[in-house]
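So the chains spell out like this:
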Amino acid sequence: MEQTRITSPETYDIIHFEALGREAEHLPIATAQEQEKNNLPKDLKSLITPDTVQDFLAQNPVLVLPDIITIKTH
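The rules behind the values
- Residues numbered from 1 in each chain as written.
- Predicted model: local features only at pLDDT ≥ 70, side-chain atom pairs only at ≥ 80, totals over all residues.
- Heavy atoms only, no water.
- Helix = DSSP H or I, 4+ residues; strand = E, 2+ residues; numbered from the N terminus.
- Buried < 20%, exposed > 50% of the residue type's maximum accessible area, 1.4 Å probe, protein only.
- Contact = heavy atoms within 4.5 Å.
- Areas by Shrake-Rupley, 256 points an atom, 1.4 Å probe, with all protein chains shown as cover.
- Pairing = 2+ DSSP bridges.
- Axes fitted to C-alpha atoms, helices over the stretch in contact; angles between N-to-C directions.
- Phe/Tyr/Trp six-rings, centres within 6.5 Å; stacked < 30°, edge-to-face > 60°.
- Lys NZ or Arg CZ within 6 Å of the ring centre and 35° of its normal.

Caption draft 1: Broad picture of the overall build of the protein chain. The helix and strand tally for the protein chain stands at 3 helices and 3 strands. Going from the N terminus to the C terminus, the protein chain shows its helices and strands as β-α-α-β-α-β. A buried classification covers 24% of the 74 residues belonging to the protein chain. Restricting the contact set of the protein chain to residue pairs at least 6 apart, pairs at least 24 apart contribute 78%. For the protein chain, the accessible surface area stands at approximately 5500 Å², while carbon and sulfur atoms represent 53% of it.

Caption draft 2: Highlighting the sheet that holds strand β1 (residues 14–17). Across the sheet, which stays open at both edges, the 3 strands sit in the order β2-β1-β3 with parallel pairing between neighbours. Both edges of this open sheet fall to β2 (46–48) and β3 (68–71), since each of them pairs with a single strand only. Adjacent strand axes in the sheet meet at a mean angle of 10° when their direction is disregarded. Relative to β2, β1 runs parallel, the two being bridged by 3 bridges. Bridging across to β2, His16 finds its partner in Ile48.

Caption draft 3: Region of interest: the packing of aromatic side chains. According to the stated counting rule, one finds 1 aromatic pair in the structure shown. Geometrically, the ring pair formed by Phe17 and Phe56 is edge-to-face, given 5.5 Å between the ring centres and 75° between the ring planes. Of the two residues, Phe17 sits in strand β1 while Phe56 sits in helix α3 (residues 53–59), which places them 39 residues apart along the sequence. Residues Phe17 and Phe56 agree in their burial class; the two are buried. Taking the ring centre of Tyr12 as reference, the NZ or CZ of Lys45 above it sits at 5.2 Å.

Caption draft 4: Structural context of the pairing of β1. Alternating residues of β1 divide into Ile14 and His16 and Ile15 and Phe17, and every residue in both groups is buried. Here β1 pairs with β3 via 4 bridges, running parallel. Bridge assignment links Phe17 to a residue of β3, and that residue is Ile71.

Structure below.
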């Protein structure tokens, strides 16, 4: 499994962790039209990664977690 690496201090509004395979395909990535229709910020930035929070943060120490994250539950 390839890990996501952030090389600059990016900021995201939401990060989806442990998103694997077809699950990741169903997570919301809002288009500009969807953002307008749903009153979402036009500059909403999200990230989808198969990594766990711990692995992701170990590989990306410059990242500050956003207020909203999702994690796969079993």
